[in-house]
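Examination of the molecular architecture
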Amino acid sequence: MALKIPSRTEDLKLWIREMIDECMASSEERGMIYTRASQYYYMGSTDNRAALYNKIGPFVDKLAGFLMQPTDVRFQLVYDSGEDDSVLERSQLVAEKLSSDFRQTDADITFSEAVVWSLVNGCQILKVLPDGDSGTFKTAPVHPQNFGVLSETTLHLDEQEAFCHVSYPTKSRLRTMLLEHPRYEEIMAEVGDEPGPNRDEEEPTYFHQMVVGGLQPLGDVGDAPSSAAGIVNVFPVPTPWRPQRSFAPTVKHCEVWIKDRDRDEDWTTIQVIYGKDPIIIEGDKQRRNLSRVPGKSSFVKVQGVPTPGYFWGRSIIASVQMLQDMLSKRLRDIKVMWDRNVNAPQVFSGFSSVTEEQYFKLISEGGFINDPNPNAKAAKLLDPPPENYLEELEFIFKLFDEASGFSPIMSGSGEPGVRAGVHAQTLVRTSSPHLIKQAATLERQLADCGWLALRIMQAMDALIYTTADSKIEFLLSQLPENFQVQVDSHSASPAFAEDNRQVAIALARAGAIDSEDLIHMLHPPGAELLLARLKQRRKAQAAQAKEEKTEELMKGVLGIGGGGSRRKAGGAGQTKH
């Protein structure tokens, strides 16, 4: 469905403000969940004390690393099999260009980080937008607390009727953004000198807070300190997505994307800033899609495990929160036990009397006391560790792997009875379907990100490209429209690496692919150099074969060789006869 956008400016101001409020209605509640999730990710707890050992951080990083690794992400453009060879040749060149730009702009690293935070928060948003006039693109993460959708029961972003992205630029940055705007003076006059939202939401005040890049120490002034450190945390949890306290006034900037009924259900972008009143700086006079891609917005949702009926999903930390709490409690119990044993109380028997001075002499290093009673002795009241406490800790660690779907063999540990690599690969394949499902979902979202990036390149890049073999010159915008972007050879996740390798080798042995196709599928280190050398060897072999064929042809024409000698001998015999 699409929405009808009011045409009158006054009606549009009221309507767009209501739309922003509806989209961002759950932002504050979700922000509390995101903050707790980030506390568990960084500290292993939600109170003022960090966990003795934070297992959640490595747990999330390990799972995210298995689902997506940015080391060798490659794309391919897929057309129908009936396309001309020249189109397929151009698509291969464009796929290499897209993969190269994806690495050069660090979009692969950005997507990998988005996978981490999609596990922590339940989902993460990426914004793909043109990179100025350079002809390429850039990707920027958008925290879900600064993002809102009109219908939270609709899972896919493209199926939403409207959504909103909120940011807080400083007034100096706002002046730079609007420098070429036709209503620059009018807008800046309306913004005025009113103080901007130094703090977006009313949050508890903090004592001795040091603001560096949005770092937020945990704990309120009125709360009872839970440790001797008080309420100031030495290593605070970073929350840069919310302005805590700024050194310059900021302005609330809302970018609303609406599926417009009057523009054939294409997206219309409306930008609003909040001064004394809401001010529309984009979309009041001219309706357009700022993504540069018709029918597509600039945002991609990253979410490995969708939650049916809820757009924002569920944090993976919810599955291991109680395990981390149990682990923290057990480790603190062990610490308390050892601390008590270090300074354990003592029982004195047979002493005539023990003064406080004598006691401190006894417990000090090298201290002693003397008593005339030969049966006098002192013994510490030691608390022995509970039985099998190490086995309990190992069991908790095993439960973390169970929650993520990792089997021991997938974690690099051996399995009893495994004697061959084929057997080990079979165990890995049969024990990881849950992870492969998540990796496949994230791979589709990475392909969507690559598709959007390529469409932006088609709209912005004016360079002329030339194919290597056919020497065809073309612009990116001249590619046929019926292409799809896929992740080449499942190169985004280690979950598919070994299966893809075995398939490629089997195809090469069967003769279904040649050496060049095998290099493209396996993509070994220095693949470009190997392909170049392979082409040089093929050209040299073709030139050598042509030379040999020409030499044999010349020999046949001139009568040189074995056949010519026989003909000469036969002719001589006839002459003699």
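Structure: above.
Keep in mind it's a predicted model, so treat the numbers as computed, not measured. (Residues numbered from 1 in each chain as written. Predicted model: local features only at pLDDT ≥ 70, side-chain atom pairs only at ≥ 80, totals over all residues. Heavy atoms only, no water.)

1. Topic: the overall build of the protein chain
We apply this condition: Runs of E in the DSSP output that reach at least two residues are strands. Runs of H or I that reach at least four are helices, and both are numbered from the N terminus. Per-residue accessibility, obtained with a 1.4 Å probe over protein chains only, is compared with the maximum for each type, and a residue is labelled buried under 20%, exposed over 50%, and partly exposed between these values. Surface accessibility follows the Shrake-Rupley procedure with a 1.4 Å probe radius. Residue values consider only the protein chains on display as shielding.
A count of helices and strands for the protein chain gives 16 helices and 16 strands. Counting every position in the protein chain, which comprises 577 residues, the buried fraction comes to 41%. Approximately 32,200 Å² of the protein chain is accessible, and the part contributed by carbon and sulfur atoms is 54%.

2. Examining the pattern of salt bridges
Put simply, the rule is: Every case where a carboxyl oxygen of Asp or Glu lies within 4 Å of a side-chain nitrogen of Lys or Arg is listed as a salt bridge.
Throughout the structure, instances matching the rule amount to 18 salt bridges. Arg 455 is the salt-bridge partner of Glu 481, the closest N and O atoms lying 3.5 Å from each other. Of this pair, Glu 481 sits in the loop between strand S15 (473-474) and strand S16 (484-487) while Arg 455 sits in helix H12 (residues 433-460), and the two are 26 residues apart along the sequence. Connected through salt bridges with shared partners, the residues Lys 329, Arg 330, Asp 333 and Glu 392 form a single ionic network.

3. Side note on unusual backbone geometry
A negative phi angle characterises most non-glycine residues, just as the trans form characterises most peptide bonds. Residues other than glycine seldom take positive phi values, yet Asp 106 does so here, at roughly 60°. Secondary-structure assignment places Asp 106 in the loop between helix H4 (85-104) and helix H5 (107-121). Overall, the relative accessible area of 44% leaves Asp 106 in the partly exposed class. A positive phi is found at Arg 292, a non-glycine position, where the angle reads about 70°. Considering the arrangement of structural elements, one finds Arg 292 in the loop between strand S10 (278-282) and strand S11 (299-302).

4. Concerning the side chain of Asn 289
Our working rule: Polar contact is the term for a pair of N or O atoms within 3.5 Å; when the atoms are in protein, one must be able to donate a hydrogen and the other to accept it, and sequence-neighboring residues count only if both atoms are side-chain atoms.
Note that Asn 289 resides in the loop between S10 and S11. Looking at Asn 289, the relative accessible area reads 12%, which means it is buried. Side chain to side chain, Asn 289 and Asp 266 meet in a polar contact 3.3 Å long. Of the polar contacts made by the side chain of Asn 289, one reaches the backbone oxygen of Val 293; its length is 3.2 Å.

5. Examining the sheet that holds strand S8 (residues 252-260)
How we decide: Strand pairing requires that DSSP identify at least two bridges connecting the strands. Here, axes are lines fitted to C-alpha atoms. For helices the fit covers the stretch in contact, and angles between N-to-C directions go from 0 to 180 degrees. Two residues qualify as a contact provided that any one of their heavy atoms is within 4.5 Å of a heavy atom in the partner residue.
Taken in spatial order, the 5 strands line up as S4-S5-S8-S9-S10 in an open sheet, and their pairing is antiparallel. Both edges of this open sheet fall to strand S4 (147-149) and S10, since each of them pairs with a single strand only. With direction set aside, neighbouring strand axes in the sheet form an average angle of 25°. In this structure, strand S5 (residues 162-167) lies alongside S8, joined through 6 bridges in antiparallel fashion. The residue of S8 that forms the bridge with Ser 167 is His 253. Its contacts with the sheet place helix H7 (residues 184-191) against strand S9 (266-274) and S10, and it is angled at close to 155° to S10.

6. A closer look at the pairing of S11
Every second residue of S11 is oriented toward a common face, with Phe 299 and Lys 301 on one face and Val 300 and Val 302 on the other, all of them buried. Two strands pair when backbone bridges link them, and strand S2 (residues 124-130) and S11 are joined in this way by 4 bridges, in the antiparallel orientation. Paired with Leu 126 across the strands is Val 300, a residue of S11.

7. Observations regarding H7
As a reminder, the rule being used: To obtain the arc, one takes the directions from the helix axis to the C-beta atoms.
All buried positions along H7 are accounted for by Tyr 184, Ile 187, Met 188 and Val 191. Looking straight down H7, one finds that the buried residues subtend no more than 95° of arc, so they occupy a single side. Turned more than 90 degrees off the buried face of H7, the exposed positions are Glu 185 and Ala 189. The elements touched by buried residues of H7 are helix H6 (171-177), S9 and S10. Directly beyond the C-terminal end of H7, a positive phi value near 65° is found at Gly 192.

8. Details of the environment of Gln 303
Inspection of the secondary structure assignment puts Gln 303 in the loop between S11 and helix H8 (321-342). Overall, the relative accessible area of 2% leaves Gln 303 in the buried class. Put simply, Gln 303 and Arg 314 are 11 residues apart on the chain and 9.6 Å apart in space, counted from C-alpha to C-alpha. Excluding its chain neighbours within four sequence positions, the residues that come into contact with Gln 303 are Ser 118, Gly 122, Cys 123, Phe 311, Trp 312, Gly 313, Thr 441, Leu 442 and Gln 445. One polar contact links the side chain of Gln 303 to the main-chain carbonyl oxygen of Gly 122, over a distance of 3.0 Å. Here Lys 301 takes part through its side chain, which lies 3.0 Å from a polar atom of the side chain of Gln 303.

9. Some points on the sheet that holds S2
Adjacent strands of a sheet pair through backbone hydrogen bonds, lying either parallel or antiparallel. Taken in spatial order, the 3 strands of this open sheet run S3-S2-S11, and their pairing is antiparallel. Of all the strands in the sheet, just strand S3 (137-142) and S11 have a single pairing partner and so form its edges. Neighbour to neighbour, the strand axes of the sheet diverge by 25° on average, direction disregarded. Of the strand pairs in this sheet, S2 and S3 are connected by 6 bridges, and their pairing is antiparallel. From the neighbouring strand, Lys 127 faces S3, where its bridge partner is Ala 140. The sheet contacts of H5 involve S2, S3 and S11, and relative to S2 the element is tilted by about 155°.

10. Observations regarding the side chain of Ser 315
Inspection of the secondary structure assignment puts Ser 315 in the loop between S11 and H8. Classification of Ser 315 as buried rests on a relative accessible area of 12%. There is a polar contact of 2.4 Å between the side chain of Ser 315 and the backbone oxygen of Val 120. Setting aside anything within four residues of it in sequence, one finds Ser 315 in contact with Ala 37, Leu 119, Val 120, Asn 121 and Gly 122.

11. Quick word on the nonpolar core
In plain terms, the rule: For our purposes a nonpolar core is just a set of buried Ala, Val, Leu, Ile, Met, Phe, Trp, Tyr and Cys residues, chained together by side-chain atoms within 4.5 Å.
By size, the foremost hydrophobic cluster in this structure holds 66 residues, and its most contacted members are Val 60, Phe 75, Leu 77, Leu 98, Phe 137, Ile 317 and Leu 446. Top element by residues in this core is H12. It accounts for 12 residues. Among all residues touching Val 60, those that are not within four sequence positions of it are Tyr 41, Val 116, Leu 119, Val 120, Ile 316 and Ile 317. Of all hydrophobic cores here, the second largest spans 20 residues; its members include Met 24, Cys 164, Val 166 and Ile 270.

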